[in-house]
2 protein chains.
Amino acid sequence: MQGLMQEAELTLDRLLTYASEWHGNTPIVSRAADGSICRTDYAGIALRAHRVSNALRAAGIGKGDRVATLGWNGYQHFEAWYGIIGIGAICHTLNPRLLNEQIAYLVNHAGDRIILADQACRDILVEILPQCPTVECVIFLDEETPSPLGNGDIPATGYETWISSQPEQGNWGAFDERQAAGLCYTSGTTGNPKGVLYSHRSNYLHAMMVLGPDALNLSARDTVLLAVPMYHANAWGVVYAAPMVGAGLVLPGQKLDGASLHELIETEGVTYSAGVPTIWQMLLTHLRDTGGTFSTLQRVTVGGSACPETIIREFRDVHGVDVIQGWGMTETSPLATVSIPNRRISALSPEEQVAYKLKQGRPLSGIELKLVDDTGQQLPHDGRTPGRLLIRGPTIASGYFGTDSTSLDEEGYFDTGDIATLDHDGYMQITDRAKDVIKSGGEWISSVDVENIAMGHPAAEVCAVIGIPHPKWDERPLLLVRLRKNASASAEEIRDYLKGRIASWWIPDRVEFVDDLPTGPTGKIDKKKLRDLYGGLTFIQSPEDKATAKRSGADQA
Amino acid sequence: MQGLMQEAELTLDRLLTYASEWHGNTPIVSRAADGSICRTDYAGIALRAHRVSNALRAAGIGKGDRVATLGWNGYQHFEAWYGIIGIGAICHTLNPRLLNEQIAYLVNHAGDRIILADQACRDILVEILPQCPTVECVIFLDEETPSPLGNGDIPATGYETWISSQPEQGNWGAFDERQAAGLCYTSGTTGNPKGVLYSHRSNYLHAMMVLGPDALNLSARDTVLLAVPMYHANAWGVVYAAPMVGAGLVLPGQKLDGASLHELIETEGVTYSAGVPTIWQMLLTHLRDTGGTFSTLQRVTVGGSACPETIIREFRDVHGVDVIQGWGMTETSPLATVSIPNRRISALSPEEQVAYKLKQGRPLSGIELKLVDDTGQQLPHDGRTPGRLLIRGPTIASGYFGTDSTSLDEEGYFDTGDIATLDHDGYMQITDRAKDVIKSGGEWISSVDVENIAMGHPAAEVCAVIGIPHPKWDERPLLLVRLRKNASASAEEIRDYLKGRIASWWIPDRVEFVDDLPTGPTGKIDKKKLRDLYGGLTFIQSPEDKATAKRSGADQA
């Protein structure tokens, strides 16, 4: 017997319609490439998003067609996003930081018909479009009348011109909530990137799951600085959660340096932000250098990679800002766990709570986690035993776009490829990527744990640990250190620092100082490249090891 | 093109499973009929709920079968609830405060096969069961080996005996999320009560909608006193929202007087509660009389009927507790609007915010509201123009159990039967029930507005306004006042108090002092009964009108 409740498909257009009707004058603030600030609101965004929908319809775009975006966080990108998904087309967010050949691969794999791009991405398009036969036209989001792309075949139009003659009304939604809404490819450090195809339902449920007080805690009183790019898994769902509650949005464009973000936070009264550790590292460095403070910022969600303890402490002790760690991946929409105190931990002292803030947190309701060994046996939730982390739920991918492959086990769990522990309180901690874990003498050494502890050395700015082959132990850890500006340290000092802080057999056999640690397109350290660069090192310590490395004040960053 | 995300039906069993796995030792505290306190936790509740499911299966209960509960808020009721819905059966919550013939009507209309009841409800069952042929057995939730019901035909079993031999494991869910989960009849002051048939999906979505910071703001750090009965529209959704976040629960049983609730709040560290104004009135009176205070209570949701300003102010000014008004009805799951500040109102002074706290609030995301006149024309959101309130969304009823009738308009909106205004900020205010509004000279007088203002008179404890026939104006308002203990006032004093506070033509033509105002089964004042009792009065003022009425200290309540 079915219930007698109204049928209302959970389509994402409802979120912007709600925001425009009930929070119409809530500000959306956007920084353009030239640094200028544009102010609009949800009511304005919704009207122009309808123009986008009508322009897409006029171009023959309909349900299931892929329309790509290639740009930074700005209001036109946000409007276009809702314009695309409102008519059942699929918003494929391209990451401009990828290599051109990767972007071309993605455009072709997705079969994108239209690309809406920032003019800053013109050079990328000029190079790739001759190899992208499915693309019918390019719309430049922030250019009135763009110059030709240099390739006569594909027309380029300015966004304002494109939408100006279109009506501000139209119908959205009225399709199945399982209709695809978004396509986002994994960064794919191994093999080709894989496309996660979100549905309206999965993104809608994800937005509901993340806005509660045990996750992002978003309300109509918040002003959100979107420091995480929209091409990074729907900006961690905030693209949907913010209009769902009518929170204000600040879209920082391409300038994510400390000074630019700090200025926006202060002038716009930002209460909440979300971003990767690198962003916060830069912001804190800027504040340290300038003596800057925050007057409205209350809390920050950190994700993308494990949050160093120093960030948590400096935000809390110097600035009174609460840092909340979240974990997820493109395949998990992305947010799946958040490190918010449960009732027991909320009664601990702030100092005792730090240990839990360093974990990736408790699963959101709706998410199921399983910890297993290599044979699939379930492992205890004792906070010590590492295992493969499997995950299941309505916001988790079941497969990848354009392939028949599925990565679900027989119970429907997705293998995250992460190694983690789960403690008695339900806090999950990633100890490593399965492919980064160092297998030494049959036991596992967590590269992440060693990195986090090493980062506590006052001279260390960024650390990375990889396994290099060892004749006796199979693999042993190599620690790569980039020093802080004007700091100095020797390899022996670093190793001495680690003694007593980690198990003695975890201490890296060799420490190398480097000027640069390569990062991937989402700002994470690229361990694959590190293994290419340093995997050939032996355990004979280099002559410099005994000497003290020193970093000059001149910074290449 | 459909998204490639996991299929996971939003069935409500997931909530208790989540709570038991990730918040297993979070306390569930329950007060029995004899006043004793029982302590369990989510892990314990889940195991016993599985026993209930297995006992139901053994009794031949399956998907779609109706199983009724008849009792107060206690842990067995909570376990049984999840035991019923976990196997796809329908939990029909009966209100023990209804008249016996009403309860019999509901049991027969629903076709209940089993009734799980508190022993306090034995007399009801003895009387009604001979007229209820569908009932196969009765389980007494709080009795080990019950005495026979006096009617040999229907066996009565003790709950512990019934579940003790059943296993603690079993499968839940694995059915369509549109499967019916709960059946709750409207109180039905006009005509027969109508059954709202909730689905797993509608209640799951409702729980997600209400737990955010713009609604109940529930977290794993909360301890919730459930002062609203579970038979009152799923205890306003808290039956689902609390396990969804792993909040602690305090179930007060039948004793809802001020002293009993205050004791529970203090001993159990309650942070949050929800209930009707009458409950809070009693609690505040108790604290006033005893000088009691709160040490942990932070906030209270008030609903069921409009919250008097005195409650909001006394909680805030004397006790530092935030009162949040919500609005909804059985047909709306129930919560649909909540009065939480938006960004503009949060910047006002506490004094200025009171005007918004008195409104029923802004719609939750997912809810659509429409304000129309008698011809269906949309009315402005100006905070002044009253109209019929229509509502649409995935948590709103589409029809009633056992009838083909639907009360939706051509756009799918449900007519709430309420008269309301909507202001520029999106705050809805109920001005009356459509059937209670007083139509005087072609204009509408809100009985609720007059009541609320009259309640501000220091001598008034409870006020009610009804329309009585008038030869010239069709209807004119009659104000009925129950005075505070030991207080006195004359009709002229009350009318003088109203002058300048409401429009002169809204001032009641006649004021009567009464010892008692009849309430319905959910604690609301029964206007239908008032019209029966006082609708025959004329506008010739009674002789006592000039005299001063006085209420003695002896209280019949």
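Residues numbered from 1 in each chain as written. Chains lettered and ligands numbered in written order. Predicted model: local features only at pLDDT ≥ 70, side-chain atom pairs only at ≥ 80, totals over all residues. Heavy atoms only, no water.

**Points about the confidence of the model for chain A**
Residues with a pLDDT of 70 or more make up 95% of chain A, whose mean pLDDT is 92. Model confidence for the complex: the whole-complex pTM is 0.88, and ipTM, which rates the interface, is 0.88. (pLDDT = per-residue confidence, 0-100.)

**A look at the interface of chain A and chain B**
Counting residues at the interface gives 81 residues for chain A and 81 residues for chain B. Applying the counting rule to chain A against chain B returns 6 salt bridges. In this structure, glutamate 7 of chain B and arginine 178 of chain A form a salt bridge, with 2.9 Å as the shortest nitrogen-oxygen distance. Here chain A is connected to chain B by 45 residue pairs in polar contact (both at pLDDT 80 or more). The element best represented in the side of chain A that touches chain B is helix α7 (residues 200-210) of chain A, accounting for 6 residues. Here the residues of the side of chain A that touches chain B sort into 39 nonpolar, 26 polar and 16 charged. (Contact = heavy atoms within 4.5 Å. Salt bridge = Lys/Arg side-chain N within 4 Å of Asp/Glu carboxyl O. Polar contact = N/O pair within 3.5 Å; in protein donor to acceptor, adjacent residues only side chain to side chain. Helix = DSSP H or I, 4+ residues; strand = E, 2+ residues; numbered from the N terminus. Nonpolar A, V, L, I, M, F, W, Y, C, P; charged D, E, K, R; others polar.)

**A short note on the sheet that holds strand β14 (residues 322-328) of chain A**
Residues and elements named next belong to chain A. Reading across from one edge, β2-β1-β11-β10-β12-β13-β14-β15-β16 is the order of the 9 strands in this open sheet, with mixed pairing throughout. At either end of the open sheet lies a strand with only one pairing partner, and these are β2 (37-41) and β16 (362-363). Bridge count for strand β12 (residues 272-275) against strand β13 (residues 299-302) is 4 bridges, and the pairing is parallel. Paired with tyrosine 272 across the two strands is arginine 299, which belongs to β13. (Pairing = 2+ DSSP bridges.)

**As for the packing of aromatic side chains**
All names here are of chain B. Enumeration over the complete set of coordinates arrives at 16 aromatic pairs over all chains. Ring geometry for tryptophan 81 and tyrosine 240: centres 6.2 Å apart, planes at 70 degrees, overall edge-to-face. On the criterion of sequence distance, the pair formed by tryptophan 81 in helix α3 (residues 75-86) and tyrosine 240 in helix α9 (residues 238-245) is long-range, its members being 159 residues apart. For tyrosine 240, a relative accessible area of 1% translates into the label buried. Judged by centre distance (6.0 Å) and plane angle (75 degrees), the rings of tyrosine 82 and tyrosine 240 are edge-to-face. (Phe/Tyr/Trp six-rings, centres within 6.5 Å; stacked < 30°, edge-to-face > 60°. Buried < 20%, exposed > 50% of the residue type's maximum accessible area, 1.4 Å probe, protein only.)

**What about the pattern of salt bridges?**
Residues and elements named next belong to chain B. Applying the stated criterion across every chain yields a total of 70 salt bridges over all chains. Put simply, arginine 39 and glutamate 268 hold a salt bridge, and the shortest N to O gap is 2.8 Å. Taken together, the residues arginine 39 in strand β2 (residues 37-41) and glutamate 268 in helix α10 (residues 258-268) connect sequence positions 229 residues apart. Residue glutamate 268 is classed as buried on the basis of its relative accessible area, which comes to 15%. Measuring nitrogen to oxygen at the nearest pair gives 2.9 Å for the salt bridge that ties aspartate 423 to lysine 359. With aspartate 423 in the loop between β19 (414-422) and β20 (428-433) and lysine 359 in the loop between α14 (350-357) and β16 (362-363), the pair connects residues that are 64 residues apart, well separated along the chain.

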